Amino acid sequence: MFRRERSIPLRGSAAALCNNLSVLQLPVGNLTHFGVVHGPSAQLLSAAPEGVPLAQRQLQAQEGAGVSPPLITQVHWCVLPFRVLLVLTSHRGIQMYESDGSVMVYWHALDAGDSSLVQAVFARGIAASGHFICVGMWSGRVLVFDIPAKGPNIVLSEELAGHQTPVTDIATEPAQGQLDCKPLENRDCVADMVTADDSGLLCVWRSGSEFKLLTRIPGFGVPCPSVQLWQGTIAAGYGNGQVRLYEASTGTLHVQIDAHARAICALDLAPEVGKLLSAAEDTFVHIWKLSRSPEGGYIEVEHCHGECVPDTQVCGARFCDPSGSSFAVTGYDLAEILRFSSM
Amino acid sequence: MSVRTLPLLFLNLGGEMLYILDQRLRAQNIPGDKARKVLNDIISTMFNRKFMEELFKPQELYSKKALRTVYDRLAHASIMRLNQASMDKHSALYTTDAIKGFIQDSPNILHQVDETFQQLTEIYGGLSAGEFQLIRQTLLIFFQDLHIRVSIFLKDKVQNSNGRFVLPVSGPLPWGTKVPGLIRTFNNKGEEVKKAEFKHGGSYVAAPKEGSFELYGDRVLKLGTNMYSVNRPVETHMSGASENLAAQTQESIAPNPLAKEELNLLARLIGGMEIKKPSGPEPGFRLNLFTTDEEEEQAALTRPEELFYEAINIQATQDQQTNEELARIMGEFEILDQPRRSASKGDDLLAMMDEL
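Residues numbered from 1 in each chain as written. Chains lettered and ligands numbered in written order. Predicted model: local features only at pLDDT ≥ 70, side-chain atom pairs only at ≥ 80, totals over all residues. Heavy atoms only, no water.

Moving on, we come to the interface of chain A and chain B. Listed by partner, the interface residues are 52 residues for chain A and 52 residues for chain B. For the pair chain A and chain B, the summed buried area comes to about 4,300 Å², and 52% of that belongs to carbon and sulfur atoms. Taken as a group, D258, R262 and D311 of chain A account for 16% of the area that chain A buries against chain B, more than any other trio of residues on that side. Linking chain A with chain B are one salt bridge. Note that E281 of chain A and R136 of chain B form a salt bridge whose closest N and O atoms lie 3.0 Å from each other. At the junction of chain A and chain B, the tally comes to 19 residue pairs in polar contact (both at pLDDT 80 or more). At the level of secondary structure, the elements contributing two or more residues to the side of chain A that touches chain B comprise strand 21 (253-258), strand 24 (284-292) and strand 25 (299-308) of chain A. At six residues, the largest contribution of residues to the side of chain A that touches chain B is made by strand 21 of chain A. Of the residues in the side of chain A that touches chain B, the class split is 27 nonpolar, 17 polar and eight charged. Sheet topology places strand 21 of chain A next to strand 2 (residues 182-186) of chain B; three bridges connect them, and they run antiparallel. If you follow I257 of chain A over to strand 2 of chain B, its bridge partner there is I183 of chain B. (Contact = heavy atoms within 4.5 Å. Buried area = accessible area lost by both parts, 1.4 Å probe. Salt bridge = Lys/Arg side-chain N within 4 Å of Asp/Glu carboxyl O. Polar contact = N/O pair within 3.5 Å; in protein donor to acceptor, adjacent residues only side chain to side chain. Helix = DSSP H or I, 4+ residues; strand = E, 2+ residues; numbered from the N terminus. Nonpolar A, V, L, I, M, F, W, Y, C, P; charged D, E, K, R; others polar. Pairing = 2+ DSSP bridges.)

Okay, here's the thing in structure tokens:
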């Protein structure tokens, strides 16, 4: 059972984007950072355990060529081995900051050259993979940036081709997940990144100095706005309200959940316990427990909890601690972050 | 943001405006033939071919301020309720159905509307669900932070008193979405090995069938239909309307450097409109979009000064006074602009306004 905790007020309401909440848990000082996109700006704030807001900062999308003020598509913290960077994607490009948003360390402008006038041009989908940060594009390409241990010397190292429609989300194995993985015959095939797009196609990759495309999981006519990866299991949320779980190494479908009545807008993982959170525009947040069956090692799932956030078109949801005992939710046009914790 | 948003927004808001006009005309007992003429004139202007050509060009959706000039009072009474992307397609079609109902006696205008409908289906029929999701997100940006309460929505319990829309957790699902509650597990060969249920908390039913995208067809959904078509008691006052107007304008009133661009968009759109000259001596009449004249005065008084323009009275005929007023309004926008911008574009704008 979960109870509502005190909400954290936002300066600007949340925009109706998918994956519109990023949470950075800092064990030191017991602080939690939240990031929410408002529109042309994103708000970062840090809060103490009881939800008391301590500091806040607003970041703007970098102007570039174009007539109207650029809109931000996503804000996300990337935890790398030696540093944490905050990445902001917009209709103009990709901005990277130190984790508190105080200093911009890198700006990559989008090249709209290939697009016809009719297509919207933007970057969307952000994830850290080892010492790389991967960012998706409207064209379906995924940019791979090599991040040094410190300083602004960030380099675009590779451009991955796998998708033909705009990238929606990228997920990578949480660091500790890889250690607990069952040993596989060929370590070269360990899937540690999955990318999703508007057509529902999933691409499964192995990271490295050169990323390798391992397998593709076709869509079925609806977008896949959100995806997660945990111990070789891909969890994908779709525009028709379904959550599907696949074996990452083979792409085989193992579980299909008719989870929500509207499009799913966010998925999150609590890696310590294998809990999955799904949120959708139907105002519901569901928590699921992922596991592997003792015989055969097949993926299994069990429903743990469902929470209704009345009259709220949810647009972002995240666990606030690695054991999944608390989570936070944002809603379209809502100027607060709603928090829930288990009793 | 999506560059395909403006036609949907314009047609939906235009459709809503027509519902409201129709209701006000009936409420104020305007004679049937005059009422029909008003609606016919507006519809034929809205669906004018040149105007539609401009509208359908891929372009970014400009700020609320530009469209507000065209729809003025409309913003008070028409907040679009946007559900899943597929419902938006149907909503645009349903509004078109109602518009066709208004003009069923005029074959020429009907033809214009049908042509626009064809264009709609051509452009939007080929878009993917992902593209519609982007259009929807772009439209929702347009309506973000406007917490205007609408009396008919409050009465129908579609909107709460805090301005938030009610999102029911029951009812029919969108076409293609299954009733939540089922977990199916498969083995490596793709065979189902387990079926389990979970309690999802809502009370939904599957959609009976998919709505039709044809020129004439069963749309299945009610979204986009006329809320006024149900008989209701006449409201005695609009609750909260005046406070909301003040709240609404608390967003930034700072001069918008894009105002010039927006005015040019406006000029292109209005310039593309053909205004019919009156065929004979017909007296115009004044339509009040508020329930009483007192409310209209009240709203005018509480409107913050920053909103530079005055109420636009909708008239069945064009006359010199209206043109002058429109030109003056455009001239007032001119003052907001940055001084370093050249005056030439502004002059073109005023010149075009004078020709209306």
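Residue and element names in this part refer to chain B. For helix 8 (residues 129-143), with 15 residues, the first-to-last C-alpha span of 21 Å sits near the 21 Å given by 1.5 Å per residue. Of all the 15 residues making up helix 8, twelve are buried; the element is thus mostly covered by neighbouring parts of the structure. When helix 8 is considered as a whole, its buried residues turn out to be G130, F132, Q133, L134, I135, R136, Q137, T138, L139, L140, F142 and F143. Looking one or two residues beyond helix 8, the residue adopting positive phi is D145, at roughly 75°. (Expected span 1.5 Å × (residues − 1). Buried < 20%, exposed > 50% of the residue type's maximum accessible area, 1.4 Å probe, protein only.)

This part is about the sheet that holds strand 16 (residues 202-206) of chain A. Residue and element names in this part refer to chain A. Strand order across the open sheet formed by four strands is 14-15-16-17, with antiparallel pairing between neighbours. In this open sheet, the two strands that pair with only one neighbour each are strand 14 (167-172) and strand 17 (212-217). Sheet twist, expressed as the average angle between the axes of neighbouring strands with direction ignored, equals 20°. Pairing of strand 16 with strand 17, which is carried by five bridges, proceeds in the antiparallel orientation. By the bridge assignment for strand 17, R206 is matched with K212. (Axes fitted to C-alpha atoms, helices over the stretch in contact; angles between N-to-C directions.)

In the numbering used here, UniProt assigns the "repeat: WD" (unreviewed entry) feature to residues 257-291 of chain A. The span residues 257-291 of chain A carries 0% helix and 66% strand; its end-to-end C-alpha distance comes to 15 Å. (UniProt positions renumbered as here; feature names shortened; annotations may be inferred.)

So, about the packing of helix 3 (residues 49-56) of chain B against helix 7 (residues 107-125) of chain B. Residue and element names in this part refer to chain B. Contact geometry of helix 3 with helix 7 gives a least axis separation of 11 Å together with a crossing angle of 15°. Between helix 3 and helix 7, the crossing angle belongs to the class labelled roughly parallel. Here helix 3 runs over helix 7; the crossing is right-handed. On helix 7, the residues touching R49, M52 and F56 of helix 3 are E115, T116, Q119, L120, I123 and Y124. Classifying every residue of the contact of helix 3 with helix 7 by side-chain character gives five nonpolar, two polar and two charged. (Parallel < 35°, antiparallel > 145°, perpendicular 65-115°, else oblique. Left-handed = near helix turned anticlockwise from the far one by under 90°.)

Residues and elements named next belong to chain A. Pairing is antiparallel in the open sheet, where four strands are placed in the order 1-28-27-26. Each edge of the sheet is formed by a strand with only one pairing partner; in this case those strands are strand 1 (2-9) and strand 26 (314-319). Looking at each pair of strands side by side, their axes are set apart by 25° on average, direction ignored. As paired elements, strand 1 and strand 28 (residues 336-342) share six bridges and run antiparallel to each other. Bridge pairing in strand 28 links P9 to E336.

Time to look at helix 1 (residues 6-27) of chain B. Residue and element names in this part refer to chain B. If you check helix 1, its first and last C-alpha atoms are 31 Å apart, about what 22 residues at 1.5 Å a residue would give, namely 32 Å. Extensive coverage of helix 1 is indicated by the burial of 19 of its 22 residues. At the exit of helix 1 stands N29, carrying a positive phi of roughly 55°.

This next bit is on the pairing of strand 24 of chain A. All names here are of chain A. Where strand 23 (residues 275-280) meets strand 24, five bridges bridge the pair, whose relative direction is antiparallel. By the bridge assignment for strand 24, A279 is matched with V285. Counted along the chain from strand 23 to the antiparallel partner strand 24, the turn is three residues long, and its residue T283 has a positive phi close to 80°. Note that strand 24 and strand 25 share nine bridges and pair antiparallel. In the strand pairing of strand 25, K289 is matched with E302. Taking the residues that link successive antiparallel strands as the turn, the strand 24-strand 25 hairpin has six residues, and the phi of G296 there is positive, at about 90°.

Counting 48 residues, the largest nonpolar core has L11, L18, I43, F47, M52 and Y124 of chain B as the members making the most contacts within it. Among the secondary structure elements, those contributing two or more residues to this core are helix 1, helix 2 (32-46), helix 3, helix 6 (85-102), helix 7, helix 8 and helix 9 (151-155) of chain B. Here this core gets twelve residues from one element, more than from any other, and that element is helix 1 of chain B. Here M52 of chain B is in contact with F10, L11, M46, F47, T116 and Q119 of chain B, once residues within four sequence places are set aside. By size, the runner-up hydrophobic cluster in this structure holds 24 residues, among which are V121, I126, V135 and I154 of chain A. (Core = buried A, V, L, I, M, F, W, Y, C linked by side-chain atoms within 4.5 Å.)

Our next topic: the confidence of the model for chain B. All names here are of chain B. For chain B, the mean per-residue pLDDT works out to 64, and 49% of the residues sit at or above 70. Highest mean pLDDT in chain B belongs to strand 2 (95); lowest belongs to helix 5 (residues 74-77) (29). When the criterion is pLDDT under 50, residues 271-284 qualifies, and its contacts beyond four places in sequence or with other chains add up to 22 contacts. Across residues 303-320 the pLDDT falls below 50, and counting only partners more than four positions away or on other chains, this stretch makes 41 contacts in the model. (pLDDT = per-residue confidence, 0-100.)

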